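Examining the three-dimensional arrangement
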Amino acid sequence: MKLWGGRFTKPTDRLVEEYTASIGFDRRLAAEDLEGSLAHVKMLGRCGILPEEDVARIVEGLEELRRRLEAGTLTFDVAHEDVHMNMEKHLIDLIGPVGGKLHTGRSRNDQVALDMHLYLRREVDEILELLADLQRALVEAAERHLDVIVPGYTHLQRAQPVLLAHHLLAYFWMLVRDAERLRDARKRIDMMPLGAGALAGTTFPIDREFVARELGFARLYENSMDAVSDRDFILEFLADASILMMHLSRLSEELILWSSAEFGFIELDDAYCTGSSIMPQKKNPDVAELVRGKTGRVYGHLMGLLTVMKGLPLAYNKDLQEDKEGMFDTVDTLKGALVLFAGMIRTMQVRRERLARAVAEDFSNATDLADYLVRKGLPFRQAHEVIGKLVLHCVRRSRYLNELSLEEYREFSDLFEADLYEVLDPRRVVDARNVRGGTGTGAVREQLEKAKSWLADGSEAERRGRS
Ligand code: ARG
């Protein structure tokens, strides 16, 4: 007999039962479901809706279920469709018909919404911590390699040399925005839907503020129909996760390129790579590749839920059950990526000699030579042309700018003097850019300090939030 079987004359078709059940995946909400039920039943007692002795027995029963869940001895049955009815069935089996009073003034529609809010709030807090740890790994790597210069690219063509620290910190600031987005989304996750009932509220004199306080929610939904049919908070999470994965995917792509023989800028730790079943020499950057690849499924989950939502009339529709698997998978995918990335960054080796050679053997100092002529009075546009011709001259002769004689330079412009060679050194090129936000060592040191104080503020705010 189903918990809702009264109106039915036949058992559910077995295939229908399997098709409509969500217990296979929403069992992940079991702890939140119990937490929500405990707050709900305490409220029913406080408001005089249930006698205290019933409340005490139900609380005892729920606590026993929590112990069994933690011990891993709680079973789930597809015949009871979802986590909510499995739990209610367990409760009634355990304490008898009084367990059937738990669902007073409540519907699965507000119950499932509550579970999702509780679940996602906890996960977002964990994700924010993992994110901060990856940010710390980036800051540490930047600090360790403050003297290392790498080619900077535009169009994946050598552009201007930059500090490796500058390059890594660019990702730090992307992750700052990701953290800010998640913290902002958390405000909408931190909202309490219970009390909405099926859609219209309830006839019982419930105390929604009490439940919100018990569960630590900052706000309540002001409209019961909105409360049961809103999934914006999950969409925001999926959107934020998509952008975050996109950032990790871009960094993955760079680590993959940089660890190739063609670049040879870094070596990823053996512990973060795998081999080939046929080619004995291979060491593949699988973690970075998989993070790049798994970005696709996170985008997919965002598009999936947006599409589920787009035609839904108010209020609850069974379609909403499709909100869960993508959310769970996004949480798992994101947490896995963040943990592995922090380790990968902490253990990667930077090939300093290769990088020193790379930045010495290109034309990425050409802008600085043009700026040199500008400082001697030539309009920038003309300086650009002079240096362009010089580069072409070099390319045709397989030489670099620092290998030409002063006489050769003078054939292109008589503004050139012996001091021109000073501006060509990669270190000089980098340190000439000491403007705020630039790659000069001084500017990057300041940037590092800002990054560290951002991290310190974040953990300070978190400590305050928790206490
Ligand atoms: N398993 C359902 C879900 O995940 C719970 C709510 C079901 N409500 C209902 N009226 N069928 O959405």
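The structure reproduced in this document is the subject of the present report. A quick note: this is a predicted structure, and the numbers were derived from the prediction, not measured.

1. Brief notes about the side chain of H145
The topology assignment puts H145 in the loop between α6 (108-144) and β1 (149-154). Note on H145: relative accessible area 7%, which makes it buried. In contact with H145, other than residues within four places in its own chain, are L164, A165, V350 and R352.

2. Focus: the nonpolar core
Ranked by size, the top nonpolar core spans 119 residues in total, and within it L120, F237, L248, F341 and I345 carry the most contacts. Ranked by residues supplied to this core, first place goes to α6 with 17 residues. In this structure F341 touches L134, L248, L251, S252, L255 and V291, once residues within four positions along its chain are discounted. The next biggest cluster of nonpolar side chains, apart from the first, holds 18 residues, and it includes L373, A383, L390 and V423.

3. Quick look at the pattern of salt bridges
A complete count under the given rule lists 41 salt bridges for this structure. Notably, a salt bridge pairs R158 with D362, separated by 2.7 Å at the nearest N-O pair. Taken together, the residues span a long stretch of sequence, with R158 in strand β2 (residues 157-163) and D362 in the loop between α13 (352-360) and α14 (366-375) at a distance of 204 residues. A salt bridge links R186 to D190; the shortest N-O distance between them is 3.8 Å. Take R186: its relative accessible area is 23%, and that puts it in the partly exposed class.

4. As for the packing of helix α7 (residues 164-189) against helix α10 (residues 232-258)
Running from N to C, α7 and α10 cross one another at 170°; their axes reach a closest spacing of 8 Å. Judged by the inter-axis angle, α7 sits roughly antiparallel to α10. The chirality of how α7 crosses α10 is left-handed. Across from L164, H167, Y171, M174, L175, D178, R181, L182, A185, R188 and I189 in α7, the residues of α10 making contact are F233, E236, F237, D240, I243, L244, H247, L248, R250, L251, E254 and W258. A breakdown of the residues in the contact of α7 with α10 according to their chemical character gives 14 nonpolar, two polar and seven charged.

5. Details of the packing of helix α11 (residues 286-309) against helix α12 (residues 324-347)
Helix packing geometry: the angle between the two helix axes and the distance between the axes. It is the contact of α11 with α12, at a shortest axis distance of 10 Å, that shows an interaxial angle of 155°. On the basis of the axis angle, α11 is roughly antiparallel to α12. Between α11 and α12 lies a crossing of left-handed hand. Contact residues: α11 offers V287, A288, V291, K294, R297, V298 and H301, while α12 offers G326, D329, T330, T333, A337, L340, F341 and M344. Broken down by class, the residue content of the contact of α11 with α12 amounts to eight nonpolar, four polar and three charged.

6. Considering the site of the ligand
As a structural note, the neighbourhood of the ligand is formed by S22, D26, D82, H84, R108, N109, V112, Y316, Q321 and K324. Contact between the ligand and D82: a nitrogen atom at 3.0 Å from a side-chain N or O atom of the residue. Interatomic distance of 2.5 Å between a side-chain N/O atom of K324 and an oxygen atom of the ligand. Burial of the ligand by the protein chains amounts to 86% of its free accessible area of 340 Å².

7. Describing the pairing of β2
The pairing of β1 with β2 spans five bridges and is antiparallel. In the sheet register, P151 faces β2, and the bridge partner there is P161.

8. Here we look at a nonpolar patch on the surface
On the surface, a nonpolar cluster with roughly 270 Å² of combined accessible area is contributed by L199, M225 and L314. Position of L199 among the secondary structure elements: in the loop between β3 (191-192) and α8 (208-214).

9. A few points about the side chain of S252
One can find S252 in helix α10. The exposure class assigned to S252 is buried, which follows from its relative accessible area of 0%. Of the polar contacts made by the side chain of S252, one reaches the backbone oxygen of A288; its length is 3.2 Å. Beyond its immediate sequence surroundings of up to four residues, S252 is in contact with A288, V291, R292 and F341.

10. Examining the packing of aromatic side chains
Evaluation of the coordinates by the stated rule reveals eleven aromatic pairs. A centroid spacing of 6.0 Å and a plane angle of 55° characterise the contact between Y153 and F263, whose relative ring orientation is tilted. Placement of the pair is Y153 in strand β1 and F263 in the loop between α10 and β5 (266-267), with a sequence separation of 110 residues. Three or more aromatic residues joined by ring pairs form one cluster here, namely Y153, W258, F263 and F265. Across from the ring centre of F217, 4.4 Å away, lies the NZ or CZ of R121, which sits over that ring.

11. So, the environment of R208
Counting through the fold element by element, R208 comes out in helix α8. Contact partners of R208, with chain neighbours within four places excluded, come to M192, P193, L194, G195, L220 and Y221. Engagement of the side chain of R208 in a polar contact is seen with the backbone oxygen of Y221, the distance being 2.9 Å.

12. Digging into helix α3 (residues 30-46)
Owing to its 3.6 residues per turn, the α-helix aligns residues three or four sequence positions apart on the same side. The terminal C-alpha atoms of α3 lie 24 Å apart, and with 17 residues this matches the ideal 24 Å at 1.5 Å per residue to within 8%. Summarising burial for α3: 13 of the 17 residues are buried, a large majority. Directly beyond the C-terminal end of α3, a positive phi value near 70° is found at G48.

13. Observations concerning the environment of V350
As for its position among the elements, V350 is in strand β6 (residues 349-350). The exposure class of V350 is buried, given its relative accessible area of 12%. For the pair V350 and A141, spaced 209 residues apart in sequence, the C-alpha separation works out to 9.7 Å. Excluding residues within four positions of it along the chain, V350 makes contact with H145, V148, L164, F265, I266 and L355.

14. Notes on helix α4 (residues 52-71)
For α4, built from 20 residues, the straight-helix expectation of 28 Å at 1.5 Å per residue is met to within 8% by its first-to-last C-alpha distance of 28 Å. Turning to α4, its buried residues are D54, V55, I58, V59, G61, L62 and L65. One face of α4 carries all of its buried residues, which in axial projection span an arc of 165°. Relative to its buried face, α4 has exposed residues pointing more than 90 degrees away, namely E53, E60, R67, E70 and A71. Considering only its buried residues, α4 is in contact with α3 and α5 (83-95). Positive phi shows up at G72, right after α4, with a value of about 75°.

Basis of the calculations
Residues numbered from 1 in each chain as written. Predicted model: local features only at pLDDT ≥ 70, side-chain atom pairs only at ≥ 80, totals over all residues. Heavy atoms only, no water. Helix = DSSP H or I, 4+ residues; strand = E, 2+ residues; numbered from the N terminus. Buried < 20%, exposed > 50% of the residue type's maximum accessible area, 1.4 Å probe, protein only. Contact = heavy atoms within 4.5 Å. Core = buried A, V, L, I, M, F, W, Y, C linked by side-chain atoms within 4.5 Å. Salt bridge = Lys/Arg side-chain N within 4 Å of Asp/Glu carboxyl O. Axes fitted to C-alpha atoms, helices over the stretch in contact; angles between N-to-C directions. Parallel < 35°, antiparallel > 145°, perpendicular 65-115°, else oblique. Left-handed = near helix turned anticlockwise from the far one by under 90°. Nonpolar A, V, L, I, M, F, W, Y, C, P; charged D, E, K, R; others polar. Near = heavy atom within 4 Å. Polar contact = N/O pair within 3.5 Å; in protein donor to acceptor, adjacent residues only side chain to side chain. Areas by Shrake-Rupley, 256 points an atom, 1.4 Å probe, with all protein chains shown as cover. Pairing = 2+ DSSP bridges. Patch = residues over 30% accessible without salt bridge, like charges linked within 9 Å, V, L, I, M, F, W, Y side chains within 5 Å. Phe/Tyr/Trp six-rings, centres within 6.5 Å; stacked < 30°, edge-to-face > 60°. Lys NZ or Arg CZ within 6 Å of the ring centre and 35° of its normal. Expected span 1.5 Å × (residues − 1). Arc of directions from axis to C-beta.

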